[in-house]
Amino acid sequence: QIQLDEVVLDALSLTNASILIAPTTRVEPRAKNFAFVFQDTPCGSIPLFVFDTNNNNLIYKPLAPLGDASSKIISIHLTDEELEIIYQKAIGISFFEYPSNFIIPNDQITGGHFPVSSYKLSMMNGKMTNSVNWVDRDETKPNYTKASELRELMMLIQEIILRQPEVQQYGEPKAGCA
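Cut-offs used in this document
- Residues numbered from 1 in each chain as written.
- Predicted model: local features only at pLDDT ≥ 70, side-chain atom pairs only at ≥ 80, totals over all residues.
- Heavy atoms only, no water.
- Helix = DSSP H or I, 4+ residues; strand = E, 2+ residues; numbered from the N terminus.
- Expected span 1.5 Å × (residues − 1).
- Buried < 20%, exposed > 50% of the residue type's maximum accessible area, 1.4 Å probe, protein only.
- Phe/Tyr/Trp six-rings, centres within 6.5 Å; stacked < 30°, edge-to-face > 60°.
- Contact = heavy atoms within 4.5 Å.

A.B. asks: Describe in detail helix α3 (residues 146–163), supporting the description with residues and values.
C.D. replies: Residues separated by three or four positions in an α-helix point in the same direction, a consequence of the helix having 3.6 residues per turn. Its 18 residues place the ends of α3 26 Å apart at the C-alpha level, agreeing with the 26 Å of an ideal helix rising 1.5 Å per residue. Where α3 is concerned, the buried positions are Ala 147, Leu 150, Leu 153, Met 154, Leu 156, Ile 157, Gln 158, Ile 160, Ile 161 and Leu 162.

A.B. asks: If you had to explain the packing of aromatic side chains to someone new, which residues and values would you point to?
C.D. replies: The full count for this structure, using the stated rule, is 11 aromatic pairs. Pairing Phe 38 with Tyr 119 gives two aromatic rings, centres 6.4 Å apart and planes at 20°, and the pair type is stacked. Within this pair, whereas Phe 38 is found in strand β1 (residues 35–42), its partner Tyr 119 is found in strand β6 (residues 109–125), the two being separated by 81 residues in sequence. In terms of burial, Phe 38 and Tyr 119 fall into one category: buried. Taking the centre distance of 5.7 Å and the plane angle of 80° together, the rings of Phe 95 and Phe 96 count as edge-to-face. Of the residues examined, Phe 96 reaches a relative accessible area of 17% and is grouped as buried. An aromatic cluster of three or more residues is present, and its members are Phe 38, Phe 49, Tyr 60, Phe 95, Phe 96, Tyr 98, Phe 102, Tyr 119 and Trp 134.

A.B. asks: Go over the side chain of Lys 61, please, and point to the residues and values.
C.D. replies: Here Lys 61 lies in the loop between β3 (57–60) and β4 (72–75). Given a relative accessible area of 17%, Lys 61 falls into the buried group. When sequence neighbours within four positions are dropped, the list of residues in contact with Lys 61 reads Ile 46, Pro 47, Leu 48, Ala 69, Ser 70 and Ser 71.

Pasting the structure below:
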């Protein structure tokens, strides 16, 4: 006669065994063709940054938030470590699964914030590609993380660009919106 305790233990053993042999999700490593184009447009229609890792050119408009469209073309080269940090963040938030036009669902919005920024990020790794446009103007519920994670990726790229010595020589972008 089988007792209930033995059945429960056998079921737990099978569950634990299946967890041990379950396949793990494989994350694609950063490919040799990993590249991205990042555009940050704060406060309106003039991009502050347009950075293309394919040609290592940054079009930098430090006065864009004040309405000045004059630009500087700066050649910058991100290190393998910087590219890996960006790639890992992108993979960590499932960037390649975001829709091309990211819009926060109305039921997740709790309010707005100012200034409003617009971003565009196109990324390629191996055969994976994605291009995401996003107008960052909404505050969201704490459990809706897609917007905050995307914002973190955009801010990470922006911070890495601003840390480059070639960019620092032109000073910080001017704050404020015209």
